[in-house]
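Read off the chains here:
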Amino acid sequence: MTYVLGKARADALTLAFDHARAVASGPAVSFRPLPYPQYARRTALTRAKKGLWKDTSSDALIYKTLHAGLQESGVAPELVQDIVVGTCHPPSPCYEVRAAALAAGFPTSTPSSAVNRLCGSGLMALRHVSDSIRVGDIDIGVAAGYESMSSHPRPTPFFHEPAIQATQSAVDCAKPMGWTSEMLALEYDISRATQDSYGLLSHRRASAAQSSGKFDAEIMPLRTTVLSDSEDTGSDRLDVVVCKDDGIRHNLTPEQMAAARSAFKGSGDERSTGPNSSQVTDGAAMVLLMRRRRAEELGLEVLAKHVGTSVVGVTPRVMGVGPVEAIPALLRRVGLTKDDIDLYEINEAFGSMYAYCVEKLGLDIDKVNVNGGAIALGHPLGATGVRQVATGVAELRRRGGGLLCTSMCIGSGMGAAALFVV
């Protein structure tokens, strides 16, 4: 594995992290090899109700992803010791994941589970598998994420408990995400013009990346079917290959950004719009993790090293501030500063939180979402945490390696961040 900053620095980072864990946990903790992603790919991301995934059920989406991932990774399915998948809105996700894994070719002896931490679900799946490898429970595991927002839009939570209804922060947990964007914009004075500038940057970067073929390395082309008449569920189905993100607004101008209508009428002073907010999207992603020793034994190439993950809670009303707390918490644990990171993948839930996080943290924008983010590509909730890894690892491999930090805000008032060495 090649490190852009030298193997010595990467090894020093690993030792520093292990030392911090040992000090925090006491003398019983032994140094262990860190988990290594060996495979990281994603589906193309398409607009919910409009794109090529719109007529694909959620169980079919995760099945196709696991099946293709298993074939592409080259790992014998019986060697995989656990499968953990992040998703938010399917009504029976554990059943879907288990059935999809079995149909995809994994044996009945390989267990599976589903995890839901809203926008951070995919990253939590990766953390679960990584931690299982770290402590010696397993040697090889699959982490994935998926969301069919065409099939399962966000359900509106309703709380019956009087104590919850009487606690404002608890009530705010269930507020629409667009409302939280508007509240953040008001509280931290993120203007419409600022949000538009960050949204335009996302679309322009994603457009350039797609046009130059950068996304090809991370996208798994998958076959599915679409209705020939979207208004008639009984119409013929057409075979298609889904291989291209369809939400990018090419040739977008500042004037078009400024002319866009408010997306969330009646919330705040309506600064969030379609082109400066993440899209409602269908998509999935998969990462295969294993101990380096096992990768070497199997003759498999190592893509990166997962160092650690931090999760924090924040005020639900302004949940978009999550990365502002999660990223420093992660970097403190491993003894790094924001300037040590070579590439950031921060989920662009809204232009308001994207602008606030970049500017509050004082990040170099040339290191953040260099190929665009969720505003342009979309945010399939359960998949995003894994999608960011596929995108960030692919970009750093083109550059020869480096340090990758992924992060996202999380509905109900949380934030998460993870660190990888590529």
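Report follows, based on the coordinates. All figures in this text were calculated on a predicted structure; none of them were measured in a lab. (Residues numbered from 1 in each chain as written. Predicted model: local features only at pLDDT ≥ 70, side-chain atom pairs only at ≥ 80, totals over all residues. Heavy atoms only, no water.)

1. What about the overall build of the chain?
Working step 1: For the chain, the helix and strand inventory stands at 14 helices and twelve strands.
Working step 2: Here the C-alpha radius of gyration of the chain, 21 Å, is about what a compact globule of 422 residues would show, namely 22 Å.
Working step 3: Taken along its principal axes, the extent of the C-alpha atoms in the chain is 55 × 50 × 50 Å.
Working step 4: The buried share of the chain, reckoned over its 422 residues, is 58%.
Working step 5: In the chain, of all internal contacts separated by at least 6 residues, the share reaching a separation of at least 24 is 79%.
Working step 6: Positive and negative charge centroids in the chain, built from 43 and 44 side chains respectively, lie 3 Å apart. (Helix = DSSP H or I, 4+ residues; strand = E, 2+ residues; numbered from the N terminus. Rg over C-alpha atoms; globule rule 2.2 N^0.38 Å. Buried < 20%, exposed > 50% of the residue type's maximum accessible area, 1.4 Å probe, protein only. Contact = heavy atoms within 4.5 Å. Lys, Arg positive; Asp, Glu negative; His and termini not counted. Charge placed at Lys NZ, Arg CZ, Asp CG, Glu CD.)

2. Points about the side chain of Thr87
Working step 1: Turning to its location among the elements, Thr87 is positioned in the loop between strand S3 (83–86) and helix H3 (93–104).
Working step 2: A polar contact of 2.8 Å, which involves the side chain of Thr87, links it to the backbone oxygen of Tyr146.
Working step 3: There is a polar contact of 3.3 Å between the side chain of Thr87 and the side chain of Glu147.
Working step 4: Each residue touching Thr87, except ones within four places of it in the same chain, is listed here: Pro93, Val115, Asn116, Ser121, Tyr146, Glu147 and Gly382. (Polar contact = N/O pair within 3.5 Å; in protein donor to acceptor, adjacent residues only side chain to side chain.)

3. Considering helix H11 (residues 322–334)
An α-helix turns once every 3.6 residues. As a result, residues three or four positions apart point the same way.
Working step 1: Taking 1.5 Å per residue as the helical rise, H11 with its 13 residues ought to reach 18 Å, and the 19 Å between its terminal C-alpha atoms agrees with that figure.
Working step 2: Gly322, Pro323, Val324, Ala326, Ile327, Ala329, Leu330, Leu331 and Val334 are the residues of H11 that are buried. (Expected span 1.5 Å × (residues − 1).)

4. Topic: empty space enclosed by the protein
Working step 1: In the structure shown here, the tally under the stated rule is two cavities of 30 Å³ or more.
Working step 2: As a volume, the second largest cavity reaches approximately 30 Å³.
Working step 3: Residue lining of the second largest cavity: Lys338, Asp339, Tyr344, Leu363, Asp364 and Lys367, and that is the complete set.
Working step 4: Along the lines of polarity and charge, the residues of the lining of the second largest cavity split into two nonpolar, no polar and four charged. (1 Å grid on protein atoms, 1.4 Å probe; cavity = no way out; pocket = protein on both sides within 12 Å on 5 of 7 lines; lining within 4 Å. Points joined across faces, edges and corners; volume = space filled by probe spheres on them. Nonpolar A, V, L, I, M, F, W, Y, C, P; charged D, E, K, R; others polar.)

5. What about H3?
Working step 1: Its twelve residues give H3 an end-to-end C-alpha distance of 16 Å, which sits within 8% of 16 Å, the value for a rise of 1.5 Å per residue.
Working step 2: Those residues of H3 not exposed but buried are Glu96, Val97, Ala100, Ala101 and Ala104. End-on, the buried residues of H3 take up no more than an arc of 125°, which puts them together on one face. In H3, those exposed residues whose orientation departs by more than 90 degrees from the buried face are Tyr95 and Ala103.
Working step 3: As for H3, its buried residues are in contact with helix H2 (58–73), S3, strand S4 (112–115) and strand S5 (140–147). (Arc of directions from axis to C-beta.)

6. Notes on the packing of aromatic side chains
Working step 1: In the structure shown here, the tally under the stated rule is three aromatic pairs.
Working step 2: Directly above the aromatic system of Phe215 lies the positively charged group of Arg42, at a separation of 5.3 Å from the ring centroid.
Working step 3: Lying across the ring of Trp179, Lys175 places its NZ or CZ 4.1 Å from the centre. (Phe/Tyr/Trp six-rings, centres within 6.5 Å; stacked < 30°, edge-to-face > 60°. Lys NZ or Arg CZ within 6 Å of the ring centre and 35° of its normal.)

7. Things to note about the state of the cysteines
Working step 1: Following the criterion strictly, the structure yields zero disulfides and no others.
Working step 2: No disulfide involves Cys94; its sulfur sits 15 Å from that of Cys88, the nearest cysteine.
Working step 3: Of the cysteine sulfurs around Cys405, a residue in no disulfide, the closest is that of Cys357, at 11 Å.
Working step 4: Since its relative accessible area comes to 1%, Cys405 is described here as buried. (Disulfide = S-S within 2.5 Å.)

8. Here we look at the environment of Gly178
Working step 1: Mapped onto the elements, Gly178 comes out in helix H7 (residues 177–188).
Working step 2: Note on Gly178: relative accessible area 5%, which makes it buried.
Working step 3: When the C-alpha positions of Gly178 and Glu270 are compared, they lie 9.5 Å apart, and in sequence the two are 92 residues distant.
Working step 4: Apart from the residues lying within four places of it in its own chain, the contact partners of Gly178 are Phe264 and Phe350.

9. A short note on the pattern of salt bridges
Working step 1: Within this structure, the stated rule accounts for 24 salt bridges.
Working step 2: For Asp366, the salt bridge identified is with Arg205, shortest N-O distance 3.8 Å. Residue Asp366 is located in the loop between helix H12 (351–361) and helix H13 (374–377), and its partner Arg205 is located in helix H8 (residues 192–211); the two are separated by 161 residues in the primary sequence.
Working step 3: Taking the relative accessible area as the measure of exposure, Arg205 reaches 15% and is therefore buried.
Working step 4: Of the charged contacts in the structure, one is a salt bridge between Glu395 and Lys214, with a shortest N-O distance of 3.9 Å. Note that Glu395 is positioned in helix H14 (residues 384–399) and Lys214 in the loop between H8 and strand S6 (222–227), a separation of 181 residues in sequence.
Working step 5: Accessibility expressed as a relative area gives 5% for Glu395, which makes it buried. (Salt bridge = Lys/Arg side-chain N within 4 Å of Asp/Glu carboxyl O.)

10. Some thoughts on unusual backbone geometry
Working step 1: Of note, the phi angle at Lys49 is positive, near 70°, even though the residue is not glycine.
Working step 2: By secondary structure assignment, the location of Lys49 is in the loop between strand S2 (46–47) and H2.
Working step 3: Judged by relative accessible area, which is 55%, Lys49 ranks as exposed.

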